Amino acid sequence: MTPENVLVETSRLIDGKQTAEDIKVEIAAEVAQRRAAGHKVPHLAAILVGHDGGSETYVRNKVLACERVGFASTLLRYEDDITEAELLAKVAELNEDPEIDGFIVQLPLPRHIDPDKVIEAIRPEKDVDGFHPMNIGRMVAGLPALLPATPSGIVELLARQGIKTSGKHCVVIGRSNIVGTPVSILLAKNLDTANCTVTLCHSRTQNLADICRTADIVVAAIGRPEFVTADMIKPGAVVIDVGTTRVADASKKSGFTLKGDVNFSEVAPLASRITPVPGGVGPMTIAMLLLNTLRAAKGEIHPK
Ligand code: NAP
């Protein structure tokens, strides 16, 4: 069952696509203003290694989004036999290229390349994915930083949808460095858009369903289709589904359906607000990547 064939009042759906569109309109206006004032347009580069279908789609969408807001973009493609040393040399080139304001290395990388080594090689001021330990550390310390795109996209989505977070109990399922852990940190910050009491769960958590049932807000970032079921949700909870797993589907032209981590048909009738997959968190991730690139171009976080 997919979001489109479950009846949920639109007022309960959290429309990440529209919210991301609003952010893109704001970014495009600022870019146009900066260009008129004689500044160069922000330039995002993306490195894509290999031919993973999901990664190809994500990178294509990121490049299209750049065009949409008036950024310049460069896609650098390499076969999956590129060596770690060769990839690190490309990263070093982009670090030094004054034309490039920010860049990403699309994950996952082939097994012979250590992603941590690659992430640490990116200059923090050009790390628009917000994965570098310097940016993560600054985020934890509450200093200005390029924030990881998906976690900051979730916080922004809650804020722009008028969902109150202060004092709420938020249960995050999943503790990855790119989603679960940073979103739990951001939601616990002493900020108007956060101030949650956060419980971070993972595969060793006992009584996960019991803990989830105490949540006012559930963020599911697991990568297991339809893992979160109705018995795990308190009626009226807000449910944010980060999961995007490709599941084979012969009825689709592409041959697959994108599945979230939440069993939408069971959970949507219980939730006060819920994100669909697709159209929820995914578009926000791209919007926040663009925002990071604009900030990097302005030298806002790490002055140039
Ligand atoms: P990940 O690195 O594989 O981490 C998955 C996390 O889920 C781990 O912390 C794991 O626990 C936990 N987990 C796995 N099985 C569990 C279980 N049975 N009970 C409780 N916790 C469990 O995944 P990720 O990179 O965070 O991505 C998660 C999902 O989000 C994926 O579907 C990914 O495609 C999607 N995603 C979407 C976006 C977007 O923009 N929409 C962006 C990034 C990721 P352990 O740590 O104990 O192993």
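On a predicted model such as this, the values are computed, not experimentally measured, just so you know. (Residues numbered from 1 in each chain as written. Predicted model: local features only at pLDDT ≥ 70, side-chain atom pairs only at ≥ 80, totals over all residues. Heavy atoms only, no water.)

Participant: Describe the overall build of the protein chain, and please don't skip the residues or the numbers.
Facilitator: Scanning the protein chain for helices and strands turns up ten helices and ten strands. A compact globule built from 304 residues would reach a C-alpha radius of gyration of about 19 Å, and the protein chain, at 19 Å, matches this within 12%. Taking the principal axes of the C-alpha coordinates as reference, the protein chain spans close to 50 × 45 × 35 Å. Scored against the burial criterion, the 304 residues of the protein chain give a buried share of 49%. Accessible area of the protein chain: about 14,100 Å², with a carbon and sulfur share of 54%. Taking the 33 positively charged and 37 negatively charged side chains of the protein chain as two groups, their mean positions are separated by 3 Å. (Helix = DSSP H or I, 4+ residues; strand = E, 2+ residues; numbered from the N terminus. Rg over C-alpha atoms; globule rule 2.2 N^0.38 Å. Buried < 20%, exposed > 50% of the residue type's maximum accessible area, 1.4 Å probe, protein only. Areas by Shrake-Rupley, 256 points an atom, 1.4 Å probe, with all protein chains shown as cover. Lys, Arg positive; Asp, Glu negative; His and termini not counted. Charge placed at Lys NZ, Arg CZ, Asp CG, Glu CD.)

Participant: An account of helix H3 (residues 84-96) is needed here, citing residue identities and associated values.
Facilitator: Taking 1.5 Å of rise per residue, the 13 residues of H3 would be expected to cover 18 Å, and the 19 Å separating its terminal C-alpha atoms lies within 8% of that figure. For H3, the complete set of buried residues consists of Glu84, Leu87, Val91, Leu94 and Asn95. Buried residues along H3 cover an arc of 105° about the axis, so they all sit on one side. The exposed set on the far side of H3, more than 90 degrees from its buried face, consists of Ala85, Glu93 and Glu96. Those residues of H3 that are buried lie in contact with strand E1 (43-49), strand E2 (72-78), strand E3 (102-105) and helix H4 (115-121). (Expected span 1.5 Å × (residues − 1). Arc of directions from axis to C-beta. Contact = heavy atoms within 4.5 Å.)

Participant: Account for the site of the ligand, naming residues and giving values.
Facilitator: In the vicinity of the ligand there are 21 residues, among which Arg175, Ser176, Ser203, Thr244 and Thr285 approach most closely. At 2.5 Å, a side-chain N or O of Ser203 approaches an oxygen atom of the ligand. Between the ligand and Thr244, the relevant distance is 2.9 Å, taken from an oxygen atom to a side-chain nitrogen or oxygen of the residue. Isolated, the ligand exposes 930 Å² of accessible area, and the fraction of that covered by the protein chains is 71%. (Near = heavy atom within 4 Å. Polar contact = N/O pair within 3.5 Å; in protein donor to acceptor, adjacent residues only side chain to side chain.)

Participant: Mind laying out the environment of Pro182, listing which residues take part and the relevant values?
Facilitator: Mapped onto the fold, Pro182 is located in helix H7 (residues 180-188). Take Pro182: its relative accessible area is 3%, and that puts it in the buried class. Separated by 62 residues in the primary sequence, Pro182 and Thr244 place their C-alpha atoms 18 Å from one another. Discounting chain neighbours no more than four positions away, the residues touching Pro182 are Met139, Pro148, Pro151, Ser176 and Asn177.

Participant: Give a description of the nonpolar core that names residues and reports values.
Facilitator: For soluble globular proteins, the rule of thumb is that nonpolar side chains tend to be buried together. Core analysis: the largest hydrophobic core is formed by 46 residues, its most contacted members being Ile27, Phe71, Ile154, Leu187, Val219 and Ile240. The biggest single contributor to this core is helix H10 (residues 281-298), with ten residues. Core analysis: the second largest hydrophobic core is formed by 20 residues, Ala215, Val218, Met232 and Ile233 among them. (Core = buried A, V, L, I, M, F, W, Y, C linked by side-chain atoms within 4.5 Å.)

Participant: Explain the UniProt feature "binding site: NADP(+)" (unreviewed entry) in the protein chain to me, using residue names and the numbers behind them.
Facilitator: Per the UniProt annotation, the sites labelled "binding site: NADP(+)" (unreviewed entry) are Gly174, Arg175, Ser176 and Thr244. As for its position among the elements, Gly174 is in the loop between strand E4 (169-173) and H7. Given the relative accessible area of 11%, Gly174 is considered buried. With residues near it in sequence (within four places) discarded, Gly174 still touches Gly180, Thr181, Leu200, Cys201 and Ala221. (UniProt positions renumbered as here; feature names shortened; annotations may be inferred.)

Participant: Just give me the short version of the domain arrangement of the protein chain, but keep the residues and values in it.
Facilitator: Taken domain by domain, the protein chain holds domain 1 (38-125) and domain 2 (148-282). Between the C-alpha centres of domain 1 and domain 2 the distance comes to 27 Å. (Domains from an automatic or database assignment.)

Participant: Pulling in residues and values, what's your account of the state of the cysteines?
Facilitator: Within the structure shown, the criterion is met by zero disulfides. This cysteine, Cys201, is not joined by any disulfide, and Cys212 carries the nearest cysteine sulfur, 5.6 Å off. (Disulfide = S-S within 2.5 Å.)

Participant: Give me the lowdown on the sheet that holds strand E6 (residues 217-220), citing residues and values where you can.
Facilitator: Taken together, five strands build an open sheet; the order of strands is E5-E4-E6-E7-E10 and the sheet is parallel. Two strands close off the open sheet at either side, each with one partner strand: strand E5 (197-201) and strand E10 (273-274). Bridging between E4 and E5 involves five bridges; their strand directions are parallel. Note that in E5 the partner of Ile173 across the bridge is Cys201. Contacts from H7 reach E4, E5 and E6 within the one sheet, and its direction differs from that of E5 by about 170°. (Pairing = 2+ DSSP bridges. Axes fitted to C-alpha atoms, helices over the stretch in contact; angles between N-to-C directions.)

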